[in-house]
Protein chains: 4
Amino acid sequence: MSESTTPQRIGILTSGGDAPGMNAAIRAIVLAADHYDLEVIAFRHGFEGLLEQNYLQLTPNHVQHILQYSGTIIKSARCPRFKEVASAQQAARHLAELNIGALIVIGGDGSFRGAHHLSQHWDGQVIGVPGTIDNDVYGTDSTVGYSTAVAIAMDALDKIRDTADAMDRVFIVEVMGRNAGFIGLKSAMAAGAERMILPELQRDKPLTIEAIVKHIKRVEAVRGQGSYVMVLSEHQWPGGAVALSEQLEAEHGMPCRPCLLGHIQRGGPPTATDRVLASELGVYAVELIREGARNVMTAMRAGALTTVTMEETWSKKNPLPENLLRIQHEIFNPVKKSRQPRG
Amino acid sequence: MSESTTPQRIGILTSGGDAPGMNAAIRAIVLAADHYDLEVIAFRHGFEGLLEQNYLQLTPNHVQHILQYSGTIIKSARCPRFKEVASAQQAARHLAELNIGALIVIGGDGSFRGAHHLSQHWDGQVIGVPGTIDNDVYGTDSTVGYSTAVAIAMDALDKIRDTADAMDRVFIVEVMGRNAGFIGLKSAMAAGAERMILPELQRDKPLTIEAIVKHIKRVEAVRGQGSYVMVLSEHQWPGGAVALSEQLEAEHGMPCRPCLLGHIQRGGPPTATDRVLASELGVYAVELIREGARNVMTAMRAGALTTVTMEETWSKKNPLPENLLRIQHEIFNPVKKSRQPRG
Amino acid sequence: MSESTTPQRIGILTSGGDAPGMNAAIRAIVLAADHYDLEVIAFRHGFEGLLEQNYLQLTPNHVQHILQYSGTIIKSARCPRFKEVASAQQAARHLAELNIGALIVIGGDGSFRGAHHLSQHWDGQVIGVPGTIDNDVYGTDSTVGYSTAVAIAMDALDKIRDTADAMDRVFIVEVMGRNAGFIGLKSAMAAGAERMILPELQRDKPLTIEAIVKHIKRVEAVRGQGSYVMVLSEHQWPGGAVALSEQLEAEHGMPCRPCLLGHIQRGGPPTATDRVLASELGVYAVELIREGARNVMTAMRAGALTTVTMEETWSKKNPLPENLLRIQHEIFNPVKKSRQPRG
Amino acid sequence: MSESTTPQRIGILTSGGDAPGMNAAIRAIVLAADHYDLEVIAFRHGFEGLLEQNYLQLTPNHVQHILQYSGTIIKSARCPRFKEVASAQQAARHLAELNIGALIVIGGDGSFRGAHHLSQHWDGQVIGVPGTIDNDVYGTDSTVGYSTAVAIAMDALDKIRDTADAMDRVFIVEVMGRNAGFIGLKSAMAAGAERMILPELQRDKPLTIEAIVKHIKRVEAVRGQGSYVMVLSEHQWPGGAVALSEQLEAEHGMPCRPCLLGHIQRGGPPTATDRVLASELGVYAVELIREGARNVMTAMRAGALTTVTMEETWSKKNPLPENLLRIQHEIFNPVKKSRQPRG
């Protein structure tokens with residue numbers, strides 16, 4: 001596609017839950033656009049800004065040194081009403097009025113549904129950049145924000161280990177990822193947790209409280225007294241970590257303490273991994289626009305930049321890495337299968 | 001007291017909830033004892049180790065480079081049965097058998113009750129070193145562990161601010177300190193929280209959900225949209241941060257998310273403040289033993305080393321710093337009294 | 001002084017080397033001023049801004065959530081020409097034109113000389129807030145920034161210990177503080193360094209390379225192989241840590257590696273200690289203005305807010321804490337005096 | 001190869017410069033060995049331990065919760081004399097005496113030369129695990145330790161940015177990687193450095209001081225005043241960061257400050273990336289032994305586990321990622337080619 005037809009103005013927005021590294025992606029897009037002499041219009045509060053015509057132009061000076069901060073300087077939000085045809089049509093009008101030829105949407109699968117919906121009512125180019133801590137977007141090995149969320153969960157688990165070892169206690173740390181166990185699995189392995197409860201595992205065969213108690217006792221039997229740290233993905237136990245620890249203490253006489261990390265996993269300085277990934281994907285998004293791509297998400301797969309169609313991002317599912325699951329669940333399991341009594 | 005009568009062997013133990021810096025105190029005691037040619041016997045799992053005769057001798061080689069880690073290398077535990085006279089008598093026997101003339105107890109007010117109880121059945125010297133994150137021990141401006149707990153709570157609040165700003169949301173972070181608001185007050189001021197709910201404040205006039213909602217709305221009115229972060233001390237709201245945020249969202253349509261830091265506040269590398277405080281108090285404890293002191297707690301008050309009688313540590317109450325309370329509650333309150341509508 | 005005569009406008013500036021917590025002080029001043037219905041005019045780049053009339057008005061919205069970042073949003077700079085009478089007179093004129101009745105200077109002793117110089121040519125109130133990582137300002141137990149610098153130096157020393165232990169090596173970490181050993185002493189104690197070279201110690205009797213080598217060998221003799229970490233204050237060895245480590249390796253066959261922390265000690269999130277200290281001193285500065293104080297520096301001494309005359313801040317010297325020096329140098333010295341061979 | 005011939009005892013050692021994550025690799029190997037009912041003999045201080053017969057048996061209890069610490073619990077060292085045939089033969093004898101059938105060497109290319117040398121005099125299986133912060137081992141996308149070194153360099157650069165912005169100053173941060181610019185490139189991009197000086201770039205056309213000065217001035221011209229942060233790989237400028245900053249200040253009147261990170265880049269808690277990579281490679285090494293593999297290094301390439309022959313690890317060169325180099329050097333360069341005046 002000849003550059004002559006490249007849009008001279010591109011729009012960007014961050015949508016859905018914010019993710020560490022979104023600012024690095026915004027910066028990369030603005031710097032790449034400047035490099036290719038394109039203008040960047042940023043819409044505030046996600047698709048809301050597109051409907052409310054709440055926007056500003058971003059130049060390199062706006063994005064100097066924002067990449068070390070989490071959050072998003074153009075704010076993010078969810079926008080339920082964008083599902084309506086009228087909204088997509090209105091957004092298309094506003095984009096046309098602003099003479100914007102391409103829109104980059106930074107967010108998760110929900111945001112990409114919105115972007116896809118828009119693309120059906122607007123003839124501009126729509127490009128996605130995966131930004132969510134849950135890593136539950138199909139087509140990319142990592143989403144922007146995932147690495148930082150894992151780092152924060154791991155840091156919390158390390159801290160818990162110190163006190164757990166001092167008191168020989170059981171602890172449950174609830175992490176994010178209601179539909180995907182990526183944060184849970186990776187932080188559990190990184191921190192050497194004794195047990196993890198993940199959506200993918202719960203779907204197959206949900207753990208009973210008895211099974212949990214049995215495992216705790218076996219680990220204690222193998223090691224002698226010691227600490228036991230469990231990673232629990234949100235929404236995988238009724239009442240979460242608080243309820244589960246109360247159950248263990250009240251019903252089974254096991255002193256247990258909960259932690260609920262919540263949105264802490266979305267803050268602090270993004271990891272180098274997230275900053276560099278966001279930078280590469282952001283630049284790539286701009287270069288894809290110049291090449292005439294439309295309705296695709298930028299992705300990093302097997303170490304290489306690639307694209308995936310917008311529909312795939314939510315219609316297909318990212319599986320948990322088989323080998324990590326096997327290692328953490330079997331090989332690193334303090335209770336060896338062979339040693340486990342029958343029943 | 002002439003040095004000739006200085007005991008040649010001192011015992012130490014860490015008791016109650018562990019606190020960051022306990023290892024630094026252990027190290028300081030062992031190095032000071034070595035300096036003065038005293039032996040150190042460490043009892044494991046607090047007073048339990050004293051009753052179970054579970055102990056080891058500690059030399060400088062045991063404590064090299066432990067001061068950068070939280071927890072306690074000699075483990076800690078609660079020991080309800082130590083309240084019994086028989087236990088104190090048994091402990092006294094064991095100490096005599098081991099030819100130990102002085103015992104250093106590192107812990108909080110509960111541990112000092114135990115230490116005091118022991119002192120009534122044993123003629124050795126009992127010295128306390130304040131180690132608890134809650135800072136709720138009378139007579140010292142800071143306890144070992146307090147500074148680190150505040151640092152961790154502040155770090156969590158900083159992370160929450162990033163995402164709160166990106167989404168213009170309300171967040172509640174539950175911190176430790178069921179009887180004392182020190183962690184809550186200092187972390188709230190350090191992180192610029194909009195609101196704090198502390199035991200000391202709740203005692204006077206408990207906040208209603210309406211008052212909370214009103215304040216949130218006023219802050220939004222003053223600032224225009226924005227983030228709102230609340231620090232909640234544990235046990236100050238039925239159901240804690242989880243219940244309060246559900247209430248705000250369900251009953252008042254205010255999207256709100258909770259975090260429950262729990263024991264994360266007890267781990268990670270201790271702050272320099274805690275390491276240095278623990279070092280000074282630990283050395284001082286050994287020097288007090290050489291001076292013949294008995295049944296006192298080492299303390300740092302107004303920047304100077306001092307002692308306080310064991311009884312005072314739990315019978316008197318550490319008040320929250322008036323000026324910090326005034327500043328955070330009035331001067332830094334986003335809603336100026338003068339601007340507040342009547343009623 | 002009756003409030004009626006309280007100036008309605010106060011100026012602020014940050015001068016000299018920046019220090020973590022300066023933003024927290026700025027925020028506190030702006031919020032306190034707002035609380036008392038005063039206006040705040042901030043001059044950029046220190047005294048330069050006063051001469052160049054480079055300023056802006058600060059309101060609470062400008063300072064929301066800046067307290068978690070180091071640096072200073074109004075920039076800092078050194079301003080040699082401010083020593084001249086003409087400069088002070090010009091500054092006085094500009095302050096009068098802006099109808100500013102009081103000026104708060106946040107900085108170190110150099111900045112306070114400037115502030116004092118100004119006070120001799122201007123009839124407004126001049127108040128200082130101690131902001132420097134070196135803690136070398138007389139009259140306050142801590143300056144804003146000192147705690148954070150120590151925390152960063154300690155963190156670096158902790159990291160060095162990991163690799164030093166793995167390789168049984170000698171390391172030298174150069175920290176800031178050319179005239180005062182506060183950062184060196186406190187970080188050395190907090191990290192359990194084997195040796196420290198501080199200005200105060202070097203003045204009395206400078207260490208020879210032979211004395212350093214001898215100590216390293218004795219520590220190795222006492223402990224058997226192991227790591228050895230030295231803290232070196234800047235400007236205390238010709239060529240600094242780089243030269244000293246080359247000397248040790250080349251002349252004495254001791255593999256040794258240097259680190260030069262430099263300005264890293266001035267960045268990152270300020271510690272809670274610095275944020276709270278800056279907040280209290282900032283508010284206090286505004287309240288002192290309302291009370292009619294002039295030409296004093298706000299200080300925290302023995303845990304209480306107080307003031308010290310501007311002249312004292314640089315004419316008197318802050319001594320190193322005797323007890324910390326004794327503990328780190330004698331009690332924690334791996335080589336016991338008693339064990340040391342003569343000569 | 002049938003499992004019947006799997007060696008029942010494997011040896012491990014860590015060699016050369018230590019790297020964060022080595023402990024995680026040791027733990028993974030011990031847990032995997034236990035899982036497959038193999039014994040693990042660990043040699044201390046790298047190949048030295050093999051020659052000195054300095055070893056211990058490692059069981060799961062030895063490696064509980066070591067994965068959160070940098071360094072290596074079995075110590076590392078360089079061993080020049082291992083180059084000699086006699087040494088390899090002696091090592092082979094000791095391995096035979098201990099009835100060890102396979103040896104896992106964790107280290108960098110130098111260590112793999114040693115491992116290869118051994119394999120020519122010993123009929124056991126030799127397997128390598130890449131552990132070095134420099135990422136300069138051919139065949140794997142990342143070595144264990146690389147991610148942590150980048151994280152620490154980035155954190156230092158973030159801190160420098162705070163103070164650099166406050167003072168509008170030039171700073172030079174010297175990072176590790178004398179032969180490979182991986183740490184320099186990735187940390188520079190992650191922290192948004194204005195300039196980087198890397199071995200790979202210096203080889204093609206070394207920068208002159210004039211070129212550096214010109215770039216600094218152009219950036220200032222484009223942005224107006226502001227901070228300028230340069231990342232310098234070690235050994236790429238005579239005298240390093242200290243000399244270069246003195247040159248800039250003395251010869252070109254540009255106030256500039258240096259930092260020399262040194263071994264700080266090897267300490268602190270390893271990143272989740274390094275812990276997980278080390279865990280996967282460690283387990284894989286044990287499973288390769290069971291499959292009869294010999295004289296290969298475990299590697300992670302394009303997200304998949306694979307092997308590379310020992311010789312390749314040092315005979316071939318890992319190139320810097322082209323796209324990152326292009327982005328950081330051109331697209332993120334504050335001075336646009338198009339804007340640059342001729343000459």
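Residues numbered from 1 in each chain as written. Chains lettered and ligands numbered in written order. Predicted model: local features only at pLDDT ≥ 70, side-chain atom pairs only at ≥ 80, totals over all residues. Heavy atoms only, no water.

S.K.: Account for the overall build of chain A, with residues named and values stated.
M.R.: Counting secondary structure elements, chain A contains 12 helices and 11 strands. Computed over C-alpha atoms, the radius of gyration of chain A comes to 22 Å, within 12% of the 20 Å expected from 2.2 N^0.38 for 343 residues, which places it in the range of a compact globule. Along the first, second and third principal axes, the C-alpha atoms of chain A reach 70 × 35 × 35 Å. Partitioning the contacts of chain A with sequence separation of at least 6, the portion at a separation of at least 24 is 76%. Element-wise, carbon and sulfur atoms account for 49% of the exposed surface of chain A, whose accessible area totals about 11,700 Å². Distance between charge centroids for chain A: 6 Å, based on 34 positive and 37 negative side chains. (Helix = DSSP H or I, 4+ residues; strand = E, 2+ residues; numbered from the N terminus. Rg over C-alpha atoms; globule rule 2.2 N^0.38 Å. Contact = heavy atoms within 4.5 Å. Areas by Shrake-Rupley, 256 points an atom, 1.4 Å probe, with all protein chains shown as cover. Lys, Arg positive; Asp, Glu negative; His and termini not counted. Charge placed at Lys NZ, Arg CZ, Asp CG, Glu CD.)

S.K.: Please give an account of the UniProt feature "domain: Phosphofructokinase" (unreviewed entry) in chain A that cites residues and values.
M.R.: On the UniProt side, "domain: Phosphofructokinase" (unreviewed entry) is annotated at positions that read residues 9–289 of chain A here. Helix makes up 46% of residues 9–289 of chain A and strand 17%. Its end C-alpha atoms lie 11 Å apart. (UniProt positions renumbered as here; feature names shortened; annotations may be inferred.)

S.K.: Could you give an account of the relation of the copies chain A and chain D, with specific residues and numbers?
M.R.: Superposition of chain A onto chain D requires a rotation of 180 degrees combined with a translation of 0.0 Å along the rotation axis, giving an RMSD of 0.0 Å. Both copies of the chain, as the preceding transformation shows, are related through a two-fold rotation axis. Among all residues of chain A, the minimum C-alpha distance to the rotation axis is found for alanine 302 of chain A, at 2.1 Å. Of the residues that chain A buries at the interface, 100% are likewise interface residues in chain D, meaning the two copies contact each other through the same surface. (Least-squares fit on C-alpha atoms with pLDDT ≥ 70 in both.)

S.K.: Account for unusual backbone geometry, with residues named and values stated.
M.R.: Residues and elements named next belong to chain C. At glutamine 53, a residue that is not glycine, the phi angle is positive and equals roughly 55 degrees. Looking at the secondary structure, you find glutamine 53 in the loop between helix 2 (47–52) and strand 3 (55–58). When its relative accessible area of 38% is taken as the criterion, glutamine 53 is described as partly exposed. (Buried < 20%, exposed > 50% of the residue type's maximum accessible area, 1.4 Å probe, protein only.)

S.K.: An account of helix 8 (residues 209–223) of chain A is needed here, citing residue identities and associated values.
M.R.: Residue and element names in this part refer to chain A. Taking 1.5 Å of rise per residue, the 15 residues of helix 8 would be expected to cover 21 Å, and the 21 Å separating its terminal C-alpha atoms lies within 8% of that figure. As for helix 8, its buried residues are in contact with strand 6 (170–175), strand 7 (195–197), strand 8 (228–233) and helix 9 (240–252). In the segment just after helix 8, glycine 224 is the residue with positive phi, at about 75 degrees. (Expected span 1.5 Å × (residues − 1).)

S.K.: Provide a residue-level description of the interface of chain A and chain D, including the pertinent values.
M.R.: Facing 49 residues of chain A, the contacting portion of chain D comprises 49 residues. Interface area, chain A with chain D, both sides summed: about 3,900 Å², of which 56% is carbon and sulfur. At the junction of chain A with chain D, the criterion picks out four salt bridges. With a closest N to O distance of 2.8 Å, aspartate 158 of chain A and arginine 275 of chain D form a salt bridge. Along the contact surface separating chain A from chain D lie 10 residue pairs in polar contact (both at pLDDT 80 or more). Where the side of chain A that touches chain D is concerned, the elements lending two or more residues are helix 1 (22–35), helix 5 (146–167), helix 6 (182–191), helix 10 (272–290) and helix 12 (322–331) of chain A. Take the side of chain A that touches chain D: its biggest share by element is eight residues, from helix 10 of chain A. (Buried area = accessible area lost by both parts, 1.4 Å probe. Salt bridge = Lys/Arg side-chain N within 4 Å of Asp/Glu carboxyl O. Polar contact = N/O pair within 3.5 Å; in protein donor to acceptor, adjacent residues only side chain to side chain.)

S.K.: Any details on the domain arrangement of chain A? Residues and values, ideally.
M.R.: Residue and element names in this part refer to chain A. Along its sequence, chain A is carved into domain 1 (3–145 + 270–315) and domain 2 (149–265). Listed per partner, the contact involves seven residues of domain 1 and eight residues of domain 2. Regarding the contact of domain 1 and domain 2, the summed buried area is about 590 Å², with carbon and sulfur atoms giving 61% of it. Of all residues in domain 1, the largest losses of buried area upon contact with domain 2 belong to Ile133, Asp134 and Asn135, amounting jointly to 64% of the total for that side. Our enumeration of links across domain 1 and domain 2 arrives at zero salt bridges. For the pair domain 1 and domain 2, the number of links is one residue pair in polar contact (both at pLDDT 80 or more). (Domains from an automatic or database assignment.)

S.K.: Kindly report on the packing of helix 10 (residues 272–290) of chain B against helix 12 (residues 322–331) of chain C, identifying the contributing residues and their values.
M.R.: Helix 12 of chain C packs onto helix 10 of chain B with a crossing angle of 75 degrees between their chain directions and a minimal axis gap of 11 Å. When the axes of helix 10 of chain B and helix 12 of chain C are compared, the pair comes out roughly perpendicular. In this structure, helix 10 of chain B uses Val276, Glu280, Val283 and Glu287 of chain B to contact helix 12 of chain C, whose residues at the interface are Asn323, Leu324, Arg326, Ile327 and Ile331 of chain C. Each residue belonging to the contact of helix 10 of chain B with helix 12 of chain C can be placed in one class, and the counts come to five nonpolar, one polar and three charged. (Axes fitted to C-alpha atoms, helices over the stretch in contact; angles between N-to-C directions. Parallel < 35°, antiparallel > 145°, perpendicular 65-115°, else oblique. Nonpolar A, V, L, I, M, F, W, Y, C, P; charged D, E, K, R; others polar.)

S.K.: Got a sec to walk through the nonpolar core? Specific residues and values, please.
M.R.: Ile10, Ile12 and Ile104 of chain B together with Ile10, Ile12 and Ile104 of chain C are the most contacted members of the largest nonpolar core, which totals 160 residues. Residue contacts for isoleucine 10 of chain C: discarding those within four places in its chain leaves Ile29, Ala33, Glu39, Val40, Ile41, Ile100, Ala102, Ile104, Val286 and Ile289 of chain C. Counting 159 residues, the second-largest nonpolar core is a separate cluster that includes Ala149 and Ile160 of chain A together with Leu261 and Leu277 of chain D. (Core = buried A, V, L, I, M, F, W, Y, C linked by side-chain atoms within 4.5 Å.)

S.K.: Help me get a handle on the packing of helix 6 of chain A against helix 10 (residues 272–290) of chain D, residues and values and all.
M.R.: Where helix 6 of chain A meets helix 10 of chain D, the closest approach of the two axes is 9 Å, and the angle between their N-to-C directions is 75 degrees. With respect to each other, helix 6 of chain A and helix 10 of chain D are oriented roughly perpendicular. On helix 10 of chain D, the residues that touch Lys186, Met189, Ala190 and Ala191 of chain A of helix 6 of chain A are Ala272, Arg275, Val276 and Ser279 of chain D. Looking at the contact of helix 6 of chain A with helix 10 of chain D, its residues break down into five nonpolar, one polar and two charged.

S.K.: Explain the environment of glutamate 249 of chain A to me, using residue names and the numbers behind them.
M.R.: Residue and element names in this part refer to chain A. Of note, glutamate 249 is situated in helix 9. In this structure glutamate 249 comes out as partly exposed when scored by relative accessible area, which is 34%. Taking the C-alpha atoms as reference points, glutamate 249 and valine 170, 79 residues apart in sequence, are found 9.8 Å from one another. In contact with glutamate 249, not counting residues within four places along its chain, are Met254, Pro255, Cys256 and Arg257.

S.K.: Mind laying out the packing of aromatic side chains, listing which residues take part and the relevant values?
M.R.: What characterises a pair of aromatic rings is the spacing of the ring centres plus the angle enclosed by the ring planes. For the structure shown, the criterion picks out 14 aromatic pairs over all chains. Geometry around phenylalanine 332 of chain C places arginine 27 of chain B over its ring, the cationic atom sitting 4.7 Å from the centre. (Phe/Tyr/Trp six-rings, centres within 6.5 Å; stacked < 30°, edge-to-face > 60°. Lys NZ or Arg CZ within 6 Å of the ring centre and 35° of its normal.)

S.K.: Hey, could you go over the sheet that holds strand 1 (residues 9–14) of chain D for me, with residue numbers and the actual values?
M.R.: Residues and elements named next belong to chain D. The strand order across the open sheet built from seven strands is 3-2-1-4-5-10-11, with neighbouring strands paired in mixed fashion. The sheet is open, and its two borders are formed by strand 3 (55–58) and strand 11 (304–309), each paired with just one other strand. Taking the axes of each pair of neighbouring strands and ignoring which way they run, one obtains an average angle of 30 degrees across the sheet. (Pairing = 2+ DSSP bridges.)

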